[in-house]
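Letter by letter, the chains look like this.
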Amino acid sequence: MQKIFIAVALLFTFITSTDVFASDWMSVDSDSVKFDLNNMRFSNRARCALDSKDPTDTSFLLVTNTDIAKAVYRLAKLRGEDTDTLTKYGIEVFRYSVVQMIQLIHEKIMNRELPLLPADISRDDLHIPGNYKNVMANCRNDEYCSDLDNYIEKLWKITSKNTSASGKVVQFYTVDNFHSKDSYILEKNFENKKRHTELKCHYLKKFSPLQAHLYGTKPDRSALESIAKAALDSGKYLASCDDFEAQTNLEVAAYQLEIPNLKEKRWEDKGFDYWNSLKLYFSWAFRNAPEMQQIASPFASVFKGIAIEDSVLIVPNGCKSITVPKCNGDYLAQQAMREFAKEDFRETALNLDVLSSVPEGPQDDLLSDPFTSVNVDELDLGGFANAEAWLANFKENFTGTRALMKKKLIHAISTLNITKANISPENISKLLEKRFSSLLKDSKSTDTELKNDLYYLCAEYNFADHDEFSFLKGKLKILRETTLIDGLAADISENKTKELFDFYSVIAEKVMSGCAALNQKGIWDESFTLDKTGFSPWYIQKVYENKFKSTAVEKNKTYLETNKPLIAWKTYAQTNKLEEVVCANSSDCSRKVLKSIIDLYSVAQYASTFWNLEQEIKTPALFNPYAERTACKVYDPWFKTKSILFNLFADMSQAALSVATPGVIYGRLDLKPGQVTSFNQLVKDGRISYDTRYDKTKITTSLAADFGPLLGVPCMVSIAGRANSPYDNYRFGGVSVGACNSNEDNNLNVRTASDMDENNNRSHSECISCRLNFESVASSLTHLSSEVGPSFFLFRAVFRLYRGLKDPDNIPRSWEANPNHISETYRRFGEIPKSCVSSLRKGKRCLVDSCEEKIAETLTEELSGNIERITFAGTSGALVKMSSCDKPVTVKLYRNSTSHNKSSCRVGKYKVATKCNAIKRNK
Amino acid sequence: MRNILKLGLAFIFSFNITAATVESTWNDQYRKELSLYCAEDDILCQDVCNDTLVCKIPEETCHNCIGTSITLTYIFNYMGKAYLNTGVEALNGDVVELLKSGEFVTFSSRSIYNHVDNFNSMTLRSNFRKLCSDGTRYPVVMFNRSQENQSVSDVRFVFCDAGVYEMEFSNDLLINYDQSLEESLY
C-alpha cells in the first residue's frame, strides 16, 4: 500500500511539476561494460616505493601451458587419440582448474573456511599459531617441507567437510591454536553477508588504458578520457575467465584478479597473510585436494604431476605487493624476472648480469641504478599487439634463460662429479707436471701452443683464486657454504656442494703453487706472444669484455685430432663428438673444474629467479622496481619530504639564530667547492668565522642543539657566487640535504644522521648527499640580515618548502581512479569535463550534481544494467531509465540546501517495475 | 653370508620374471598404469595381482614429473650414460615388493614426462634401447617414488624382454691416463 502511494505521489509530482529536466546518457552495449573493475591507483616514484610495503588487492595471474600441453600431446600420441583436439581440451581444463582452484581457496579464506597462514612468523606482536610457526621455522628453503604438506592436509580435511563455516572454525582448533579473529580475514562468523568479496577474474585480451597506472603517474583529462573509452569498450580488452573462445593463444593466458570491497585497515593488516595463504594452499591443493578430481576432470591424474609453480605466476597489478619486500638474495633474485619482460631482451641479454659468466648478483642492479624509472611502461606492455604476445615473449625469454642456466648447472655438476670420482687432485697435479714437463725442464722450449696453454691455466686460476688480487675468491668461498645447489641438484649429484668445492680448492692450491714456482720470465720471455683467443669464454667476457671470440673449443678439437681425451663418455668411441668429451687433458680438466665452480656460483646467485625453492608460486613485484630498492634502503621514499622539512627546520633555526646572533657565521675564503668536510670540523679548524661578540663554545653548542647530529655529517662545501676578492668572506647559507643522483657528487652513506659509514661507493646501502651552502657575502643578502632579519629566513623556509613539495617524483603522491565512475562521467557528458578531473582523480563519482551521483551510486550498486537517462521532476523525484529494463525506475529524493548554494541529496525508496524485478541484485 | 644368500635367491627367482612383457600406459580415465603381460611360466603377474596372464598396476603420477625440472632433464638426457644397467638380474621379491608398494615411477622413450626431446625421438629410443642388450623395443625403467614428496627418486630396475635388471646411477666413461702415469693413478 505504501509502495503504491509512493509511486502515485511520484507520478503526480511529474505530471504537475513544471521543473522537469531530463538528461540522456550515451548508450552503450551492455556486454561492453559488464566488467566491474577495482580502483586504479596511480603512483609517482616515491609513492610507488612506499606502496610496495602494502598488500595489493589486484593482481595478474600469468599461466603458461607449455608443460601441460606437451604432456597431453604425448598422452594423445601414446593413446592414439587426435593430438590437436586432446591438447586443446587439456589446456582449457588446465586453465579452468588453475582459476577455479584459486577462486575456491579465495572463497574459503574469505568465508572463514580456511585460516590465514601468517606471512611473517617472526613477529611478536601478532598471534602466530604455534604448530604452524614450528613447521615453518623448521622448513629450509632448499629442502622439501613435508611437515607443511601434512599441516595443510589436516586443515583441508576440515574445510572439505560439509559443515558450516563456524563449525569449521571450531574444528581448526584441533589442528592449531588459531585465533578466532586474528586468524581470519572476516573477524566474525556472522559479518555482513551483503559485502561481496568474491574474486573478480577477467581474462586479459589486450593491455589498454584500463592498466594506465602501469604507464604513467598523474592521470590528466586525456588519460581519463582514454580510460573511459576503454571501459566503455572493455569487451575488446577483457573477457570472462571461463570464456575459452576468447582465449585463442594456446601457450599462455593472462588474467586480472581483483578482490572487491575490502575493509582498508583490515586488509593492510591481513593482506600479506592472505596472499601467503593463497600461495601455500594453492600449491598443496592443486596436487592433493580431493576437489581437483572434479575440477580437473578428466585430467586430474595428469595435472597432479605438473610442476605447477613453474606454470603459474601471480604478479601485483601496480605498485603494491603480494610478498613483503625483503632485502635478501631470494627476493632480489625473483625481482630479476623483470628483465624477461623487456621487448628488446634478445638484443640486450648479453649485457644482463644474469647471463654474465661471472655475475655480480641481483643486488648489483640496485646499486648501479638506484633511481630507476617507474610506471613508465617498465615492462614494455605497449610494445606488443596483445597481452598474450607480451606474456609469450616474457615466457619465452624466461624459459629460454632458465634452460641455459639449467644446462650450465647440469654440466657443472656432472663435470665436477665425474672429475672428482676419477682423478684425485694429486693425480691432476702429476698429470699437469707431465703435460708441461718440456717447459719445466726447458723454459726456452719453442712449443708455443703449450706455453699458451700453461698461460691460460695460470691466468684463469689467478683470476679466481689469487689471495690478494682476485675479487672472485671471496665470492666463490660463499658458494661452499650455500646449500642452494644441493636443494636443486640433490638427485643428480653424488656430492654436496661443499665436497665439490673442497675438491676444487685442492686443485686450485696445486695449480696456484705450481704457477708460482714457474720460471715465468723464462717461459713467457720477450719472444713469446700470447694468443689471447685461447682463454675460456668466461675469462674473455670478464677480462676482455668480449672484445674477441674464444677459440678454446677449436684448440681442444685440434688437440683431440691426435690425442685421446683424458675423460670422455663411452659413446665418444663411436661418435668422436666433442660434446662427449668431459675434458681433453689435465690442463683442460683443471680449467673445466674451475669453470664449473664459477658456473655453480652464477647459478646460485640467480637460483631463486629460475627455480621454486619453496612450495609456493612466485609473486615478484614486476611493476615496481622500488620494492627491492625500498627494502634494501637504497631509496627512501620519505627522504625528500623529510629533507624538505629538514630544510624548513634549518631555515627556521637560521631565523632564530639570526635574531640571537645576526650574521654570526661566516666561512673563510679557503673553502673549496666540492671539498668534503663537516660543519663541526670547519668550526674546529677555525674556518668558520663568527662574531667576536659571541663565545665560540656557546655558538657551537647552540648550533649543535639546533642542527643536531647532522653537524657531524661530512658535507660537500657548496659555494654560490664567486668571491672576487681574496678578502671576501663566505656566509654560511645553511645545510641542504638531498638524495644523491650522480656518482660525481660526494655521496655519503648514512643510516641515521649520526651513524656514518666510510664513504664507499660499492657497498653503500643508503645514499644522501649533503651540502654546506656558503654564499659569498657580496652575492647574498647576508649583509641585509640585520635589516630583514628573521623574516627573510622564514620567507625562504616557506618558499623552499613550497618548491620542494612540488617535486614530481620524490614526494609520495598517488591518485585513485575508478574506471566505472570515469566511464559513467563520460557517458553522462559525452566527454570528461575539466571540472570533473579533480574528483575522478580522487576515485570519486562526478556527475552534474550530488543527486545524480547518489542515484548512480544506489542504482548501479543494487540493480544490474546501466543508466540511460535520468529525468528529474522537481526536487523530490526522478525517473531513471536503466538499460536492463524497459520501464523507468522511480526514485524518491530528499534534498537539503546547505551553504554556498550547494545542496546535499539522499536517495529514498525506489521502485522497479514488477516485470523487471530480475534486475535487482541480491533479491 | 648375506651376499651368498642374495645370489642364491637370485638364482631361484630370477628366471621367473624373464618373459613378462611390461608396458607403461595411460588408461581411458587418463590414469597411469603399468601393464604386465605374463607367459604361462611367469609368476610375476600371479605374485603381484593374483592373475596368471595380465596384471595392471595403478601408478600414481609423480609430483613435478611434468615439466622441465633438473632431475627430469637429467634422466632423459643421461639415460644410458649416467643411468646404467648393471647386468645383474633383479630379485623377483624386490620387484614384486616395489610393484605392490605402488611407490614407483616408470619411464620409457614414449613417456609423457619427457619434455627434453620429441615424443619417442630417435635419440631417446636409442638411449633407452642401450639399456637392454636383447633388442627390447621399449625398455621400461623403474625409479623409486619418494614417500616424502612424491617425486622421482633412485633408479631401480629396467624391464627388458629377457628379464628385469638392477639399474645404477653411475657414469659410463672412458678414461685415458697417460701411460707413464697409469700405474700411479687409482
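Residues numbered from 1 in each chain as written. Chains lettered and ligands numbered in written order. Predicted model: local features only at pLDDT ≥ 70, side-chain atom pairs only at ≥ 80, totals over all residues. Heavy atoms only, no water.

Let us now look at the overall build of chain A. On a plain count of helices and strands, chain A comes out with 36 helices and 23 strands. Counting the 923 residues in chain A, one finds 53% classified as buried. Across chain A, the fraction of contacts at a sequence separation of at least 24, relative to all contacts at a separation of at least 6, is 75%. About 41,100 Å² of surface is accessible on chain A, with carbon and sulfur atoms providing 50% of the total. (Helix = DSSP H or I, 4+ residues; strand = E, 2+ residues; numbered from the N terminus. Buried < 20%, exposed > 50% of the residue type's maximum accessible area, 1.4 Å probe, protein only. Contact = heavy atoms within 4.5 Å. Areas by Shrake-Rupley, 256 points an atom, 1.4 Å probe, with all protein chains shown as cover.)

Here we come to the pairing of strand 5 (residues 104–107) of chain B. Residues and elements named next belong to chain B. Neither face of strand 5 is open: one carries F104 and T106, the other V105 and F107, and all of them are buried. In this structure, strand 5 lies alongside strand 6 (residues 140–145), joined through 4 bridges in antiparallel fashion. Each residue of the ladder has a partner; that of V105, found in strand 6, is F143. (Pairing = 2+ DSSP bridges.)

This brings us to the packing of aromatic side chains. What the rule picks out here adds up to 46 aromatic pairs over all chains. Geometrically, the ring pair formed by A:Y89 and A:F299 is edge-to-face, given 5.5 Å between the ring centres and 65° between the ring planes. Here the residue A:Y89 occupies a position in helix 4 (residues 83–110), and A:F299 occupies one in the loop between helix 10 (291–295) and helix 11 (300–303), the gap between them amounting to 210 residues. Overall, the relative accessible area of 37% leaves A:Y89 in the partly exposed class. Plain terms: the ring middles of A:W156 and A:W284 are 5.8 Å apart, the flat faces sit at 45° to each other, and that makes the pair tilted. Residue A:W156 is located in helix 6 (residues 146–159), and its partner A:W284 is located in helix 9 (residues 264–288); the two are separated by 128 residues in the primary sequence. The same class applies to A:W156 as to A:W284, namely buried. An aromatic cluster is present here, built from A:Y455, A:Y456, A:F463, A:W524, A:F528, A:F535, A:W538, A:Y539, A:Y544 and A:F548 joined pairwise through their rings. A:R828 extends its terminal NZ or CZ atom over the ring of A:F829, reaching a point 5.4 Å from the ring centre. It is B:K81 that lies over the ring of B:Y78; its NZ or CZ is 5.5 Å from the centre. (Phe/Tyr/Trp six-rings, centres within 6.5 Å; stacked < 30°, edge-to-face > 60°. Lys NZ or Arg CZ within 6 Å of the ring centre and 35° of its normal.)

Residue and element names in this part refer to chain A. Inspection of the secondary structure assignment puts K133 in helix 5 (residues 130–138). In this structure, the C-alpha to C-alpha distance between K133 and G534, residues 401 residues apart in sequence, is 55 Å. If we skip the residues at most four places from it in the chain, K133 touches I121 and I128.

All names here are of chain A. Overall, the coordinates contain 35 salt bridges over all chains when judged by the stated rule. We note a salt bridge from D502 to R480, for which the minimum N-O separation is 2.7 Å. Here the residue D502 occupies a position in helix 22 (residues 497–516), and R480 occupies one in helix 20 (residues 472–481), the gap between them amounting to 22 residues. One salt-bridge network, held together by shared partners, links R41, R47, D51 and E816. (Salt bridge = Lys/Arg side-chain N within 4 Å of Asp/Glu carboxyl O.)

Structurally, A:G830 is set in the loop between helix 34 (819–829) and helix 35 (834–841). Residue contacts for A:G830: discarding those within four places in its chain leaves A:M26 and A:T825.

Moving on: the packing of helix 17 (residues 425–435) of chain A against helix 27 (residues 586–605) of chain A. Residue and element names in this part refer to chain A. The interhelical angle for the contact between helix 17 and helix 27, taken along N-to-C directions, is 130°, at an axis separation of 8 Å. Overall, the two elements helix 17 and helix 27 adopt an arrangement that is oblique. Residues I428, L431, L432 and R435 of helix 17 pack against S586, S587 and S590 of helix 27. For the contact of helix 17 with helix 27, the residue count by class is 3 nonpolar, 3 polar and 1 charged. (Axes fitted to C-alpha atoms, helices over the stretch in contact; angles between N-to-C directions. Parallel < 35°, antiparallel > 145°, perpendicular 65-115°, else oblique. Nonpolar A, V, L, I, M, F, W, Y, C, P; charged D, E, K, R; others polar.)

Next up on the list: the state of the cysteines. All names here are of chain B. Taken as a whole and judged by the stated rule, the model has 12 disulfides over all chains. Covalently, C49 is tied to C55 through a disulfide, its sulfur atoms 1.7 Å apart. Handedness of the C49-C55 disulfide follows from its S-S torsion of about 50°: it is right-handed. Overall, C55 belongs to the buried group, its relative accessible area being 1%. (Disulfide = S-S within 2.5 Å.)

We now examine the sheet that holds strand 2 (residues 32–37) of chain B. Residue and element names in this part refer to chain B. Pairing is antiparallel across the open sheet formed by 3 strands, whose spatial order is 1-2-3. Edge positions in the open sheet fall to strand 1 (21–26) and strand 3 (54–58), since each of these has one partner strand only. Ignoring which end each strand starts from, the neighbouring axes of this sheet average 20° apart. In terms of strand pairing, strand 1 meets strand 2 through 6 bridges, oriented antiparallel.

The partner chain B presents 52 residues to the 55 residues of chain A that form the contact. Summing both sides of the interface, chain A and chain B together bury roughly 5,100 Å²; the carbon and sulfur share of this comes to 57%. Together, A:R74, A:L78 and A:W569 form the three largest contributors to the area buried by chain A at its contact with chain B, with a combined 14%. Remark: the boundary between chain A and chain B carries 4 salt bridges. One salt bridge connects A:K304 with B:E60, and the closest N-O pair in it is separated by 2.8 Å. For the pair chain A and chain B, the number of links is 24 residue pairs in polar contact (both at pLDDT 80 or more). A per-element tally of the side of chain A that touches chain B places helix 16 (residues 387–422) of chain A first, with 9 residues. Pairing of strand 8 (residues 567–569) of chain A with strand 9 (residues 173–175) of chain B, which is carried by 3 bridges, proceeds in the antiparallel orientation. (Buried area = accessible area lost by both parts, 1.4 Å probe. Polar contact = N/O pair within 3.5 Å; in protein donor to acceptor, adjacent residues only side chain to side chain.)

With that out of the way, let us pick up the side chain of A:D599. Mapping A:D599 onto the fold places it in helix 27. Not counting residues up to four positions away in its chain, the partners in contact with A:D599 are A:K408 and A:A412.

This part covers the nonpolar core. Ranked by size, the top nonpolar core spans 222 residues in total, and within it A:Y274, B:Y83 and B:Y113 carry the most contacts. In this structure, B:Y113 is in contact with B:W26, B:K32, B:T61, B:C62, B:C65, B:I66, B:L72, B:F76, B:V105, B:T106 and B:F107, ignoring residues within four places of it in sequence. In this structure, A:I870, A:F872, A:V880 and A:C916 belong to the second largest nonpolar core, which totals 22 residues. (Core = buried A, V, L, I, M, F, W, Y, C linked by side-chain atoms within 4.5 Å.)

A word on the confidence of the model for chain B. All names here are of chain B. Averaged over every residue, the pLDDT of chain B is 86; the share at 70 or more is 85%. Counted against residues more than four places away or in other chains, residues 1–16, with its pLDDT under 50, gives 10 contacts. Note on residues 182–186: pLDDT is under 50 here. Beyond four places in sequence and across chains, it has 11 contacts. (pLDDT = per-residue confidence, 0-100.)

Moving on to unusual backbone geometry. Omega for the bond connecting A:S297 with A:P298 falls within 30 degrees of zero, at 5°, which places this linkage in the cis form. Counting through the fold element by element, A:P298 comes out in the loop between helix 10 and helix 11. Here B:Y30, not a glycine, exhibits a phi torsion of approximately 55°, which is positive. Mapping B:Y30 onto the fold places it in the loop between strand 1 and strand 2. Of note, B:N64 is a non-glycine position whose phi angle comes to about 65°, a positive value. In this structure, B:N64 sits in the loop between strand 3 and helix 3 (70–78). The exposure class assigned to B:N64 is partly exposed, which follows from its relative accessible area of 27%.

Taken together, the 3 strands give an open sheet; going across it, the order is 9(A)-8(A)-9(B), and neighbouring strands pair in antiparallel fashion. Pairing within the sheet leaves two strands with one partner each, and these edge strands are strand 9 (581–583) of chain A together with strand 9 of chain B. For this sheet the average axis-to-axis angle between neighbouring strands, irrespective of direction, equals 25°.

So, about helix 4 of chain A. Compared with the 40 Å implied by 1.5 Å per residue over 28 residues, the 40 Å span of helix 4 of chain A between its first and last C-alpha is a close match. Among the residues trailing helix 4 of chain A, A:R112 stands out with phi positive, at a value near 65°. (Expected span 1.5 Å × (residues − 1).)

Residues and elements named next belong to chain B. For strand 6 and strand 7 (residues 152–160), the ladder comprises 5 bridges, and the chain directions are antiparallel. Residue pairing across strands places V141 opposite V158, the latter belonging to strand 7. Hairpin connection, strand 6 to strand 7: the antiparallel pair is bridged by 6 residues, and Q150 has positive phi, about 60°. What sits between the antiparallel neighbours strand 7 and strand 8 (residues 163–169) is a turn of 2 residues.

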